[in-house]
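Chain by chain, the residues:
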Amino acid sequence: QVQLVESGGGLVQAGGSLRLSCVASTRTFSSSVMGWFRQAPGKEREWLAAIRWGTGRTYYADVVKGRFIISKDGAKNTVYLQMNNLQPEDTAIYYCAKNRGQSSGYSDRTVYDDWGQGTQVTVSS
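Structural notes, computed from the coordinates. Note that the coordinates shown come from a computational prediction; the quantities given were computed from them, not determined experimentally.

### Observations concerning the side chain of Glu6
Next, step 1: Inspection of the secondary structure puts Glu6 in strand β1 (residues 4–7).
Next, step 2: Despite its burial, Glu6 pairs with no opposite charge, the nearest such side chain being Arg45 at 7.5 Å.
Next, step 3: At a separation of 2.8 Å, a polar atom in the side chain of Glu6 contacts the main-chain amide nitrogen of Cys96.
Next, step 4: Polar contacts involving the side chain of Glu6 include one to the main-chain amide nitrogen of Gln117, which spans 3.0 Å.
Next, step 5: Not counting the four nearest positions on each side in its chain, Glu6 is found in contact with Ser21, Cys22, Trp36, Tyr94, Tyr95, Cys96, Gly116, Gln117, Gly118 and Thr119.

Structure (C-alpha cells):
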C-alpha cells in the first residue's frame, strides 16, 4: 500500500501563493501518473493537474491553467503544486493521488489507486 502525505496547506490572502508537496512512501515508477485534486464543502472532488512520472508531461484543468504549476522531484519521490494568484473560490481540501500505471488516464478520479489524506487551503478575501 502506497502512502501519500501532503503538506503545505494553510491560510493565505487573495492574490497570494502556496506550494503543496506530496511525498510517496514507495518508489514511483515511470508509468505512474501523479495528480492533484481538490474538494470544497458540498462539491464533488475536482481534478486540477497531473504529471506523468516518466516523461514529465503535465496536464491542467482549465480552472487552474496559468495559475497552478505541477512539478516533481524524482530523487525525493515528491510531487508539488505551486499555486499562484489564489482566490477565495480556491478554498478546499487538496489531495494528491497516484495512478500506478494500469490506466493511461489522468483526469478521472477512478484511474487513481492511492490517495493522500488531504491538506486544507483557505483563501481569505
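### Brief notes about the state of the cysteines
Covalent bonding between the sulfur atoms of two cysteines is what defines a disulfide.
Next, step 1: Tallied over the entire structure, the rule returns one disulfide.
Next, step 2: Two residues, Cys22 and Cys96, share a disulfide whose sulfurs are 1.9 Å apart. Linking Cys22 and Cys96, the disulfide has an S-S dihedral of approximately 45 degrees and is accordingly described as right-handed. Within this pair, whereas Cys22 is found in strand β3 (residues 18–24), its partner Cys96 is found in strand β9 (residues 92–99), the two being separated by 74 residues in sequence. Here Cys22 and Cys96 have matching classes, each one buried.

### Here we look at the packing of aromatic side chains
Next, step 1: Using the criterion set out here, one finds five aromatic pairs in the structure.
Next, step 2: By way of ring pairs, the aromatic residues Phe37, Tyr112 and Trp115 are connected into one cluster.
Next, step 3: The ring of Tyr95 is capped by Arg45, whose NZ or CZ atom sits 3.8 Å from the centre of that ring.

Definitions and cut-offs
Sequence order sets the numbering: in each chain, residues are counted from 1 along the sequence as written. With the structure being a predicted model, the display of local features is reserved for residues of pLDDT at least 70 and the display and counting of side-chain atom pairs for 80 or more, all residues being used for whole-chain, interface and lining totals. Hydrogens and water are ignored here; the side-chain numbers use all heavy atoms of the structure. The numbering of helices and of strands both runs from the N terminus, where a helix is a DSSP run of H or I of at least 4 residues and a strand a run of E of at least 2. Think of it in three bands: with a 1.4 Å probe and only protein chains considered, a residue is buried below 20% of the maximum accessible area for its type, exposed above 50%, and partly exposed in between. Lys and Arg are tallied as positive, Asp and Glu as negative. Neither His nor the chain termini are counted. Definition used for salt bridges: Asp or Glu carboxyl oxygen within 4 Å of a side-chain nitrogen of Lys or Arg. Under the rule applied, a polar contact is a pair of N or O atoms within 3.5 Å (in protein, one hydrogen donor and one hydrogen acceptor; residues adjacent in sequence only if both atoms are side-chain atoms). Residues are treated as being in contact if the distance between any of their heavy atoms lies within 4.5 Å. The disulfide criterion used throughout: a pair of cysteine sulfur atoms within 2.5 Å. By convention, a stacked pair of Phe, Tyr or Trp rings (six-membered ring in the case of Trp) has centres within 6.5 Å and planes under 30 degrees apart, an edge-to-face pair has planes over 60 apart, and any other such pair is tilted. Either the NZ atom of lysine or the CZ atom of arginine qualifies as a charge over a ring when it sits within 6 Å of the ring centre and within 35 degrees of the ring normal.

Keep in mind that these numbers describe shape and distance, not what the molecule does.
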